[in-house]
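Examination of the molecular architecture
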Amino acid sequence: NRQLIGLSVGKVSSLYREFRDAVLTEGLPIQKALLPVTLNPAFLLKLGKKGRIALGSDSDLVLVRKDSLEIDSVFALGQCMVRGGQALVQGTFEG
């Protein structure tokens, strides 16, 4: 029948949960688990300043706790957005 019956937006939390599971449960090295959520999409979308830590990049970083990979801090364009797991900056859809 090939009819579209629905379309929704995926949650970032789902993608992050899969990343954590790949590392913590499946034993995938963190360097490999990061590629599908960092460098690969940046390359495909031609976002030259995204997806890697390098001089001239946008300075977007997510710092996690070593044992659990729980998010501790988030930096976007060099600005701290989350610290200690608490949001410091509210976006368009929060608050």
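First, a word on scope: everything that follows refers to the structure included in this document.

Conventions we followed
- Within each chain, residues carry numbers counting from 1 in the order of the written sequence.
- Note on the predicted model: pLDDT of at least 70 is required for a residue's local features to be given, and 80 or more for side-chain atom pairs to be given and counted; whole-chain, interface and lining totals, by contrast, use all residues.
- Working from all heavy atoms in the structure, the side-chain values ignore hydrogens and water.
- To form a nonpolar core, buried Ala, Val, Leu, Ile, Met, Phe, Trp, Tyr and Cys residues must be joined to one another through side-chain atoms within 4.5 Å.
- Only protein chains enter the accessibility calculation, which uses a 1.4 Å probe; a residue is then buried when its area is under 20% of its type maximum, exposed when over 50%, and partly exposed in between.
- Helix and strand labels come from DSSP, where a helix needs a run of H or I of at least four residues and a strand needs a run of E of at least two; each type is numbered from the N terminus.
- The contact definition used throughout considers only heavy atoms, calling two residues in contact when any of these lie within 4.5 Å.
- Nonpolar side chains (Val, Leu, Ile, Met, Phe, Trp, Tyr) are joined into patches within 5 Å and like charges within 9 Å, using only residues with over 30% relative accessible area and no salt bridge.
- Here the accessible surface of atoms and residues is derived via Shrake-Rupley with a 1.4 Å probe, and residues count as covered only by protein chains that are part of the display.
- Any carboxyl oxygen of Asp or Glu that lies within 4 Å of a side-chain nitrogen of Lys or Arg is treated as forming a salt bridge with it.
- Here, any two strands with at least 2 DSSP bridges between them count as paired.
- Under this definition, polar contacts are N or O atom pairs within 3.5 Å; protein pairs additionally need one hydrogen-donor-capable and one acceptor-capable atom, and for neighbouring residues in sequence, both atoms have to be side-chain atoms.

1. Some thoughts on the nonpolar core
- With 5 residues, the main nonpolar core is built from Phe19, Ala22, Val23, Ala33 and Leu69.
- Element by element, the count of residues in this core is highest for helix α1 (residues 12–24), at 3 residues.
- Contact partners of Ala33, with chain neighbours within four places excluded, come to Phe19, Ala22, Val23 and Leu28.

2. Side note on a nonpolar patch on the surface
- A surface patch of nonpolar side chains, about 280 Å² in accessible area, is lined by Leu15, Ile30, Leu34 and Val37.
- Residue position: Ile30 is located in helix α2 (residues 30–34).
- By relative accessible area, Ile30 is classed as partly exposed at 33%.

3. A closer look at the sheet that holds strand β4 (residues 86–87)
- Spatial ordering of the open sheet is given by β1-β2-β3-β4, a layout of 4 strands whose pairing is antiparallel. For this open sheet the edge positions go to β1 (61–64) and β4, each flanked by a neighbour on one side alone.

4. Describing the side chain of Ser73
- Considering the arrangement of structural elements, one finds Ser73 in strand β2 (residues 71–76).
- Of note is the side chain of Ser73, whose polar atom sits 2.8 Å from the side chain of Asp72.
- With near-sequence residues (within four places) excluded, Ser73 lies in contact with Leu61, Val62, Leu63, Val82, Arg83 and Gly84.

5. With respect to the environment of Val64
- One can find Val64 in strand β1.
- Counting along the chain gives 20 residues from Val64 to Gly84, while the straight-line C-alpha distance between them is 9.8 Å.
- If we skip the residues at most four places from it in the chain, Val64 touches Tyr16, Leu69, Glu70, Ile71 and Asp72.

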